[in-house]
Amino acid sequence: MASPATEADETIQPPAVLQTEAHIKNLKEYRDLYNKSLDDPESFWGPISKEFYWESQPTGAFLEYNFDVRKGPISIKWMAGAKTNICYNVLDRNVKKGLGDKIAFYWEGNDPGDQCQITYSELLEKVCKFANVLKSLGVGEKDRVAIYMPMILELVVAMLACARIGAIHSIVFAGFSSMSLAERILDAQCCAVITSDGVWRGKKLLNLKSIVDKALDLCAERGHTVTKSIVVRHLSPKDEVIVEDNNSSDQQGSYEPLTDDGIAKRPCRQLKFMWKDGRDVWWHELMTTADTSCNPVWLDAEDPLFMLYTSGSTGKPKGVLHTIGGYMLYAATTFKYVFDYQPSDVYWCTADIGWITGHSYVCYGPLANGATSVMFEGVPFYPDAGRFWATVEKYKVSKFYTAPTAIRSLMKYGDEFVKKYNRSSLRVLGTVGEPINPEAWLWYYSVVGNSRCAVVDTFWQTETGGHVITPLPGATPTKPGSATFPFFGIQPVILSEDGQEITDSREGYLVFRKPWPGIMRTVWENQVRFETTYFKKFEGYYCTGDGAHRDKDGYIWITGRIDDLVNVSGHLLSTAEVESALIEHRAVAEAASVSHPHTIKGECIYCFVTLKEGEEFTDQLKVELINLVRVKIGPFAQPDFIQDAPALPKTRSGKIMRRILRKIARGDRDLGDTSTLADESVIDLLFQLRPSDA
C-alpha cells in the first residue's frame, strides 16, 4: 500500500549476515528457480515432495488442471492418487529424524509467566491419544469437526488428530458469535465440536462453552444435532468441578484458578454454563484412558484436509476447501523460503489459528520443517504495549510475523516500549493481513529491527493457502510497501477491466495464470460459487479480487481490494494511495478511504481518519489533510469528505472492512454479513460521526 511519492524513494538490500546462510542468496538464484517452477512444475515440486513420506505414488499426471470455465468445470489436482498423511509428516517423520526431544512449541499464556512447552515426541503422543478419543466417539474419515478454541496447545492437538484419522477440521475463531458459529457448523454438517471452558483476552473473560451451547441450540432448532461437545478445562481449577447451571449466559462468583503445582495464578470469575449429559464430555477425562498409539489413515493427496470459512460482501460465509498433498508441500515450502528457516531458529507468528495464517504458519508450515515456534494466547497491549517485544526477548525469537494493523497500533505508543527489550535475536520480520504502508514498514524495519533485519511483506489469501507474492530474506532487495515478486510457481498477471493485460505501471486486477500446489480446490458443497467468485470474471485466470500494479523495476504493489479503486473524473485512483498520504500527517494514526457517489465527478473519495492519542479532530486538521493529499498525489485526488473515526471496523484478524465503510459513507445501514467484525459497536459510532452533508 504505497503512494507514488514513496514508491521509488528507497531500495533496501538484504542483510549481508542473512545472505551467507540463506537458502536463496541472490536474485539470480531466485530467478533461475522461479523460471524452473513455471516451465516444469514437476521438476521443481517433485524433488520437494520426496522430502515427505508417501505411502504410494501418484497414479496419473503430477499436475492436472482447468482454469477456463468455457472448457468445463474448474479442476485442480496435484499428485492425485498418491497416498500420505499430513499428521504423520509433521510429527512421526520428524521424530524418526531424531527431532523427538526438540521443542515444537513454547506456549505463552495471556498473563506473563503463564507458560509451558512441548516437544515433538510429547505432541505426537497427545495427538495419538486424542485421535483415539475421536474414533471412540464415532468420528471417522471425511467427517467434519468444528473447533472453537483459544490459542492453547490442545488446539494444535485437535487439528492434527483430525488430520491423522482423515476427519476434516473446520476451525472457527474463538471470538465469533453463537450465530456465526452455528452457521458454520450447519453448512459443514459437523458431527462434533471441540472447545474450552473459557479464555482471557487481556482483561476480558470469554465464556466459550456458553457460546458453543447457544450455537448448538441454534443448530438443533434448524434440524441438525451435534452429538458430541468436547471441552478443555483451560481456566477452571484442575481439582474442582465447575458448577453446572442451565442459565448459561451468566458469569458470576470467583475463585483462584490453580496451576498444575497448586499455585494460584490470579483471580477469575467462575464460568457458569450448561452441562448436557451424553453430549458434553471433558477433554482430560477422555484422554486419561486413551491409547498413546494410533496408526495414521493413508489418504489421497487430493482428499480434503480442512475447510476455513471466509465472508463475502453478501450471503453466507463460504467454506474454502484445502486438500492434503498440495497444501502440505506449499505450506512447508513457503515457510522454509519466505522466513529462510534455519534449524536453530525460534519462530513466532502472532496470528490466531482460527485464521489461515495460523493454519499455515503457526501449525502446518513450521511443524513440517521441524521448527520451534512460540504459540501466543495473549494480546499485544496486555499488560502493556511492550508485550510483543518482551516475548521476543524471553524466547530469543529470530523470525517474527505479525499484522500491519498491530504494527501501526504499536507505533502510536512510540519507541520506548520497543527499545526497553533486547531484540538482537531477530533476523527476519514479516507482515501479513493487508498491504503495509511505507511509514509503518520503515518503523518496523528501523525501530523494531534496528535497521538490520530483512522485512518480508507477504501477500496471500485464505484461498491461496500460502504466500504468493513476497520477498525472500536473503535474495530480494525490498521497497517499503511493496510485496515485491511472486513466489515459486506463481504467475501473476495484471488485467484491465476488459481483460487486457497491463504491461506498464497502471493499476488493474491481480490474477494468476496457473495453479500452485496450495490453491483452494473448491467451496465446500458449492462448486458454482467457487467458479463464479474466482474464475468467471476473467476466463482462464484465478481472480484474487485485489488490485495491483508494477513499477518500472517490476516490483508488484498491492493496492487493496479492486473495488477500492476509484474513478475520479476519469482518473483511476487507488484509495490506498490516499491513505498512504494521510498517514504521513503527524496527527494521524490510521486512515481508510473509500469511493463515494458524486453528481459531477461520478465518484469522489471519502476518508476516515483515526487520530493519535491527544490529537483533536478540527476543521483546520481537515484542511491540512486535504492539502497533504493534493501535494502528495495531485489536486484530482483530494478527498471530498474526511470523517473522524475513533476506531475502524476490522475483522478479528485485523483487516479493515472497507465495504462497511462504503456503506457508512453512503448512509446505508444494509451492511450485509458482519459476522467477522471484531467490534460491532464501531459501526454505530461512525454513523453518528458521519458528516451531515455526505
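Above this text you will find the structure in question.
Undergrad: Talk me through the side chain of Glu108; I want residue IDs and the actual numbers.
TA: Its place among the elements puts Glu108 in strand β4 (residues 103-108). When its relative accessible area of 2% is taken as the criterion, Glu108 is described as buried. A polar side-chain atom of Glu108 sits 3.0 Å from a polar atom in the side chain of Arg387. Leaving out residues up to four positions away in the same chain, Glu108 has contacts with Gly113, Asp114, Gln115, Met375, Phe376, Glu377, Gly378, Arg387, Thr391, Lys394 and Tyr395.

Undergrad: Account for unusual backbone geometry, with residues named and values stated.
TA: In this model, Tyr382 is joined to Pro383 through a cis peptide bond whose omega is 0°. Within the secondary structure, Pro383 sits in the loop between β19 (372-376) and α13 (387-395). Phi at Gln189 is positive, roughly 55°, even though this residue is not glycine. Topologically, Gln189 is positioned in the loop between α8 (178-188) and β8 (192-196). Classification of Gln189 by relative accessible area gives partly exposed; the value is 39%.

Undergrad: I'd love a proper account of the sheet that holds strand β24 (residues 508-512), names of residues and values included.
TA: Within a sheet, neighbouring strands are paired by backbone hydrogen bonds and run either parallel or antiparallel to one another. One open sheet holds the four strands; their spatial order is β23-β24-β26-β27, and the pairing between them is antiparallel. Looking at strand neighbours, the two that pair on one side only are β23 (492-495) and β27 (556-561), the edges of this open sheet. Within this sheet the neighbouring strands show an average axis-to-axis angle of 45°, counted without direction. Where β24 meets strand β26 (residues 542-550), four bridges bridge the pair, whose relative direction is antiparallel. In the sheet register, Gly508 faces β26, and the bridge partner there is Ala548.

Undergrad: Describe the nonpolar core, with residues and values.
TA: Judged by nonpolar contacts, the single largest core of 128 residues is most densely connected at Phe105, Leu123, Phe130, Leu160, Ile194, Tyr364 and Leu367. It is helix α7 (residues 153-165) that provides the largest number of residues to this core, a total of 11 residues. The residues contacting Leu367, other than those within four sequence positions of it, are Val90, Asn94, Ala104, Phe105, Tyr120, Leu123, Val156 and Leu160. Core analysis: the next-biggest nonpolar cluster, separate from the first, contains 29 residues, Val346, Val374, Leu410 and Leu426 among them.

Undergrad: Describe the packing of aromatic side chains, listing the residues and the values that go with them.
TA: In this structure the tally under the stated criterion is 52 aromatic pairs. Geometrically, the ring pair formed by Tyr88 and Trp298 is edge-to-face, given 5.3 Å between the ring centres and 65° between the ring planes. Here Trp298 lies in the loop between α10 (283-288) and β15 (299-300) and Tyr88 lies in helix α5 (residues 86-99), a separation of 210 residues in the sequence. The class of Tyr88 is buried, set by a relative accessible area of 11%. Taking the relative accessible area as the measure of exposure, Trp298 reaches 28% and is therefore partly exposed. Three or more aromatic residues joined by ring pairs form one cluster here, namely Tyr30, Tyr34, Phe44, Trp45, Phe62, Trp78, Tyr330, Tyr337, Phe485, Phe487, Phe488 and Tyr555. Geometry around Trp282 places Arg233 over its ring, the cationic atom sitting 4.3 Å from the centre.

What counts and what doesn't
- Here the residue numbering is sequential within each chain, running from 1 through the sequence in written order.
- Per-residue local features are limited, in this predicted model, to residues with pLDDT of at least 70; the limit for side-chain atom pairs, both in listing and counting, is 80 or more; totals at the level of whole chains, interfaces and linings are taken over all residues.
- Only hydrogens and water are set aside; all other atoms, that is, all heavy atoms of the structure, feed into the side-chain values.
- The secondary structure listing takes helices from DSSP runs of H or I that are at least 4 residues long and strands from runs of E that are at least 2 residues long, numbered from the N terminus.
- Summary of the burial criterion: residues with accessible area below 20% of their type's maximum are buried, those above 50% are exposed, and those between are partly exposed, where the area comes from a 1.4 Å probe applied to protein chains only.
- We define a polar contact as two N or O atoms separated by no more than 3.5 Å, with the added condition that, inside protein, one atom must be a possible hydrogen donor and the other a possible acceptor, whereas residues neighbouring each other in sequence contribute only through side-chain atom pairs.
- Residues are treated as being in contact if the distance between any of their heavy atoms lies within 4.5 Å.
- In this scheme, strands are said to pair when DSSP sees at least two bridges between them.
- Simply put, an axis is a line fit to the C-alpha atoms, just over the touching stretch for a helix, and the angle between two N-to-C directions goes from 0 to 180 degrees.
- Put simply, a nonpolar core is a bunch of buried Ala, Val, Leu, Ile, Met, Phe, Trp, Tyr and Cys residues held in one set by side-chain atoms that sit within 4.5 Å of each other.
- Between rings of Phe, Tyr and Trp, where Trp is taken as its six-membered ring, a pair exists when centres lie within 6.5 Å; planes separated by under 30 degrees are stacked, by over 60 edge-to-face, and by other angles tilted.
- Whether a charge sits over a ring comes down to the Lys NZ or Arg CZ being within 6 Å of the ring centre and within 35 degrees of the ring normal.

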